[in-house]
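# Examining the three-dimensional arrangement
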Amino acid sequence: MRVPLSWLREYVDLPATETGRDVQAKLISVGLEVETVEQLGDGLKGPLVVGKVLTIEELEGFKKPIRFCTVDVGRANGTGEPQEIVCGARNFAVGDKVVVVLPGAVLPGDFAIAARKTYGKTSHGMICSGDELGMGDDGSHGIIVLPPEHEVGTDAIELLQLVDEVLDIAVTPDRGYALSIRGVARETAIAYGLPLRDPALLDVPQPNAFGYPVQVSDPMGCDRFTARTVTGLDPEARSPLWLTRRLQKAGMRPISLAVDITNYVMLELGQPLHAYDRSRVQGPIGVRRATQGEKLTTLDGVTRTLDAEDLVITDDRGTIGLAGVMGGANTEIDDTEGTTTEVVVEAAHFDALSISRTARRHKLASEASKRFERGVDPQAASAAAQRTVDLLVLLAGGTADAGVTEVIAPSAPHTISIPADHPDKVAGVAYGRETVVRRLQEVGCDVYGQDELIVTVPSWRPDLTDPNDLAEEVIRLEGYENLPSTLPKPPAGRGLTDRQRLHRRVGRALAGAGYVEAPNYPFIGEHVFDQFGLAADDPNRKVVKLVNPLSDEEPALRTTLLPGLLGALRRNDGRGSHDLALFETGLVFHPREELKIAVRLPVDRRPTDEEIASLTEALPVQPRHAAVVLTGAREQAGWWGKGRPSDWADAVESARVLAREAGTDLVVRGGQYGPWHPGRCAELVVVVDGVEQVIGYAGELHPGVLKTLGLPARTSAMELDLDVLELASSGVPKGPKISTFPVATQDVALVVDVAVPHAGVEAALREGAGELLESIRLFDVYENAAQLGEGKKSLAYALRFRAADRTLTVDEASAARDAAVSLAGERVGAVLRG
């Protein structure tokens, strides 16, 4: 919305010293987005005067028509003699009044005017067009021809209102009232604390039975329709300069007197209007919904196929306009023929949603639709029609018909109940009841009550619908800049849960171990389970499917993290990164055995614990998993020595890292599942409440799976259930107690069957060694049938013993070692080697 400051001053007595920048700052402070202030006529310097063309000589012999003119400019040139000017335009004749700029003047754009010789003549000045004076688009693109009543020598700068400031306001959808000078003037008056001269306060005659007949068959789409008639118009009457200049400054192009007046009143009051040539309207004007497929040629010359939801204006012939958007060509006021002497003025109020949908359906945004879809003051329709009639009578010599038509659907004003201290609670500032009432009254509300206020919303503010809207009005008018900056105060005793702390520790631990986090979308296609070789009855095949998936190829929520991680590994490997270690922690989704319908939670209050629990029960089971994938070198080669490729043991070690962060014991034993290599897959087990639970798998992936997925050979992976790992944990891990006494180390080499897992041997040694055992480490595995026997292997362990209160003797350490070896012999048949 472009608002000329000179127009704004008509309704608010701003101090004479206030500039457009000052008004911009004030309006921004009350919440309007004033983007720029355009300085019209910036740098313009006279003399710029009205002149009368005396003679025109056509110059021959040039590539384009050139005229040598003499122009009477009165005493503006200091001599009173005719001014000789060369001009190439041809839209003026002898006797016309034109705008002349004389030598010494400066036009916008720092264009200095001086006498100069051109086309064999000396031109002492210039006859000006609107573009050269920065007047905007007047539709003529030629020399300005003024009405004959203006005196020669009159200052054209003042006459054409060339110097002004224009505020360019970006009107948000909830502030449709600001798409009018009236609305912006109201905000300006509030910002300055000045009275407003409301242009809509007019004496309007009462409706009677003599007005133009109107039939509204859809009162929901059109709840108010005012029709007024003006007869005896002078078809030759043209828009005066003050009217065209205001339209131009507001960004609209002058067209004809009747159309210019309706546009002017729309800009002034915010009420879109339409003027019909009465001689071209047949029968009563009607408002109804269109018939599907109905045709209408609009004013832009386009024939449109209408939808059954479109609201249309009709007469006896059919559709004559698209309500609230654009009129039809068959009732247009044709200014070119100059035959329109009777006009029917329409001022109606249409449903905002209907107009918005129609404008978008037909891709036909207009100044009218822009206002209707944001909300127009329905009470302003009668005043806008009266204002239009008054201007037609004044400027076109018409006569206002005595008939006044008003079709109004009954409606009650909107009221809101609000505690007087509600804005205080919202803003955290003590405004007080008096301030709240005063600010609401300033925006046009009627306020009654003491502690509980009953607020009647003004008709021009359809955006005010609930107490928070009223609170916002108080806060913005009191100044957003006056709101104190305060930090929220969280209640004591709250913070991260144990589950959240574990998830963060897990992420930090994996990152510290050299893994890079690679989050992925939680969507998969069910074909991935076939690629992984999962059994037909595998629980992971039961998925939650989305009704509206982002991709038809991935319509389900993941039950494992590996598809996303392996996809990320494949993409990075294909782009040249061959040494990769990626990890992800995230939710997986499993359907519940009993499907439930989720309850719709309320929005006017906090949901109860029962409602939240009911909603949770309808959601899928969502445990959090952690997973890693590795390929390429785990340790890089360099001057420090040889590198080392990643293998299944690194995947197993990543699981141990997570177990240490959870403070729990992890049992690693041979296993077989899905995409893992059957001979290089470890089953990850924890004990929860005395019961062993398998929480995941780690190891090298199956070669067939790697080939199917296009992954590098010997790629390894690990995935486990973090939630179950947390259940098995003893809480936050405690730091070790450091003993000041020395350690006693004992090595043992045990011969066991090849089928006996290391985990079983280690568990037996750990239990048998007792409390003195500080740590145990497998440092060698040896197989030799000639020395150990067929089907045997040797496992060598380093046992570290330490006491917290004394130095252990050799006998104490040896006794603990022997006890450990003895229990290992009983449990797994281990025999000391040698």
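All chains use their own residue numbering, which begins from 1 and follows the written sequence. A pLDDT threshold of at least 70 governs which residues receive local features in this predicted model, and a stricter bar of 80 or more applies before side-chain atom pairs are shown or counted, although totals over entire chains, interfaces and linings include all residues. Heavy atoms throughout the structure, all of them, feed into the side-chain values; hydrogens and water do not.

As a further point, take the packing of aromatic side chains. What counts as a ring pair is set by centres within 6.5 Å for rings of Phe, Tyr and Trp (its six-membered ring), and what kind of pair is set by the plane angle: stacked under 30 degrees, edge-to-face over 60, tilted for all other angles. Per the counting criterion, the structure on display carries 9 aromatic pairs. For the ring pair F62 and Y119, a centre distance of 4.9 Å and an interplane angle of 85° mean the geometry is edge-to-face. Residue F62 is located in the loop between β3 (48-59) and β4 (66-72), and its partner Y119 is located in the loop between β9 (116-118) and β10 (121-123); the two are separated by 57 residues in the primary sequence. Here the term buried applies to any residue with accessible area under 20% of the maximum for its type, exposed to any over 50%, and partly exposed to those in between, with areas from a 1.4 Å probe on protein chains only. A residue is classified by how much of its surface remains accessible, and F62, at 36% relative accessible area, is partly exposed. Here the aromatic rings of W639 and W640 are separated by 5.6 Å at their centres, their planes lie at 75°, and the arrangement is edge-to-face. Helix and strand definitions follow DSSP, with helices as H or I runs of at least four residues and strands as E runs of at least two, each counted in order from the N terminus.

Their axes nearest at 9 Å, the elements helix α2 (residues 20-29) and helix α4 (residues 181-192) cross at an angle of 90°. One way to sum up the angle between α2 and α4 is to call them roughly perpendicular. Between α2, through D22, V23, K26 and L27, and α4, the contact on the second element is made entirely by V184, E187, T188, A191 and Y192. Put simply, Ala, Val, Leu, Ile, Met, Phe, Trp, Tyr, Cys and Pro go in the nonpolar bin, Asp, Glu, Lys and Arg in the charged bin, and everything else, Gly too, in the polar bin. Looking at the contact of α2 with α4 residue by residue, the class counts come to 5 nonpolar, 1 polar and 3 charged. Here an axis means a line fitted to C-alpha atoms, over the contact stretch when the element is a helix, while the angle between two N-to-C directions is reported on a 0 to 180 degree scale. Roughly parallel here means an angle under 35 degrees, roughly antiparallel means over 145, roughly perpendicular means 65 to 115, and every remaining angle is called oblique. In what follows, a contact means two residues having at least one pair of non-hydrogen atoms within 4.5 Å.

Before going further, it helps to examine the layout of surface pockets. Points on a 1 Å grid over protein atoms alone make up a cavity when a 1.4 Å probe fits among them but cannot get out, and a pocket when they form an open set with protein on both sides within 12 Å along at least five of seven lines; lining residues each have an atom within 4 Å of a point. Grid points are joined across faces, edges and corners, and a volume is the space filled by probe spheres set on the points. Each pocket or cavity is described by its volume, and for the largest pocket that value is around 1300 Å³. Breaking the lining of the largest pocket down by element, the ones donating at least two residues are α17 (648-662), β35 (667-670), α20 (758-769) and β40 (773-782). Looking at which element gives the most residues to the lining of the largest pocket, the answer is α20, with 7 residues. Taken together, the residues that form the lining of the largest pocket break down as 15 nonpolar, 7 polar and 14 charged. For the second largest pocket, the calculated volume is near 910 Å³. Along its surface, the second largest pocket is lined by 36 residues, and I255, V259, N263, H274 and L299 are the ones closest to its centre. Counting only elements with at least two residues in the lining of the second largest pocket, the list comes to α6 (257-269), β16 (274-277), β21 (318-322), β22 (326-327), β23 (343-350) and α8 (367-372). For the lining of the second largest pocket, the leading source of residues is α6, giving 4 residues. For the lining of the second largest pocket, the residue count by class is 19 nonpolar, 10 polar and 7 charged.

Along the chain, I333 falls in the loop between β22 and β23. For I333, a relative accessible area of 11% gives the class buried. In this structure the C-alpha to C-alpha distance between I333 and A662, which are 329 residues apart in sequence, comes to 82 Å. Those residues in contact with I333 that lie beyond four places of it in its chain are A258, A275, Y276, D277, T340 and V343.

Time to look at the sheet that holds strand β24 (residues 399-408). Here we have 4 strands laid out as an open sheet, ordered β16-β23-β15-β24, and antiparallel in their pairing. Two strands in the sheet have a free side with no partner beyond their single neighbour: β16 and β24. Direction aside, neighbouring strands of the sheet carry axes that sit 20° apart on average. Between any two strands, at least two bridges found by DSSP are needed for them to pair. Sheet topology note: the strand β15 (residues 222-231)/β23 ladder contains 8 bridges and is antiparallel. Residue V230 lies in a different strand from β23, and its bridge partner there is V343.

A separate point is the sheet that holds strand β37 (residues 691-701). Sheet architecture is open: 7 strands sit in the order β28-β31-β32-β38-β37-β36-β35, paired in mixed fashion. The sheet is open, and its two edges are formed by β28 (516-517) and β35, each paired on a single side. Of the pairings in the sheet, the one linking β28 to strand β31 (residues 580-587) comprises 2 bridges and is parallel in character. From the neighbouring strand, V516 faces β31, where its bridge partner is L582. Against the sheet, helix α15 (residues 562-574) makes contact with β31, β32 (624-631), β36 (676-688), β37 and β38 (716-721), and its axis sits at roughly 30° relative to β32, the strand it touches most.

Attention now goes to the pairing of strand β5 (residues 83-87). Extensive coverage of β5 is indicated by the burial of 4 of its 5 residues. Relative to β5, β4 is paired through 5 bridges, and the arrangement is antiparallel. Counterpart to C69 in the pairing with β5 is I85.

Bridge analysis of strand β14 (residues 214-216) against strand β17 (residues 285-289) gives 3 bridges, and the strand direction is parallel. By the bridge assignment, V214 is partnered in β17 with I285. Examined bridge by bridge, β17 and strand β20 (residues 311-315) share 4 bridges and lie antiparallel to one another. Paired with R288 across the strands is V312, a residue of β20.

A few words on unusual backbone geometry. One non-glycine residue, Q161, lies in the positive phi region at around 50°. Mapped onto the fold, Q161 is located in the loop between α3 (156-159) and β13 (164-170). By relative accessible area, Q161 is classed as partly exposed at 22%.

Before going further, it helps to examine the pattern of salt bridges. Each reported salt bridge corresponds to a side-chain nitrogen of Lys or Arg within 4 Å of a carboxyl oxygen of Asp or Glu. Tallied over the full model, the rule gives 55 salt bridges. Measuring nitrogen to oxygen at the nearest pair gives 2.8 Å for the salt bridge that ties R541 to D530. Pair noted here: R541 is in the loop between α14 (527-532) and β30 (556-557) and D530 is in helix α14, with a separation of 11 residues, a long-range link. On the accessibility criterion, R541 (21% relative accessible area) is partly exposed. Several salt bridges share partner residues, and in doing so they unite R175, E187, R461, D463, E472, E473 and R476 into one network.

Another aspect to go through is the environment of L502. Here L502 lies in helix α13 (residues 498-512). For the pair L502 and D723, spaced 221 residues apart in sequence, the C-alpha separation works out to 9.5 Å. In this structure L502 touches E661, A662, L722 and E726, once residues within four positions along its chain are discounted.

Moving on, we get to empty space enclosed by the protein. It is the rolling of a water-molecule-sized probe over the atoms that shows where space remains empty. According to the stated counting rule, one finds 3 cavities of 30 Å³ or more in the structure shown. Reported here for the second largest cavity is a volume of approximately 110 Å³. If you trace the second largest cavity, you find 14 residues lining it, with Y177, S180, L269, G270 and D377 closest to the centre.

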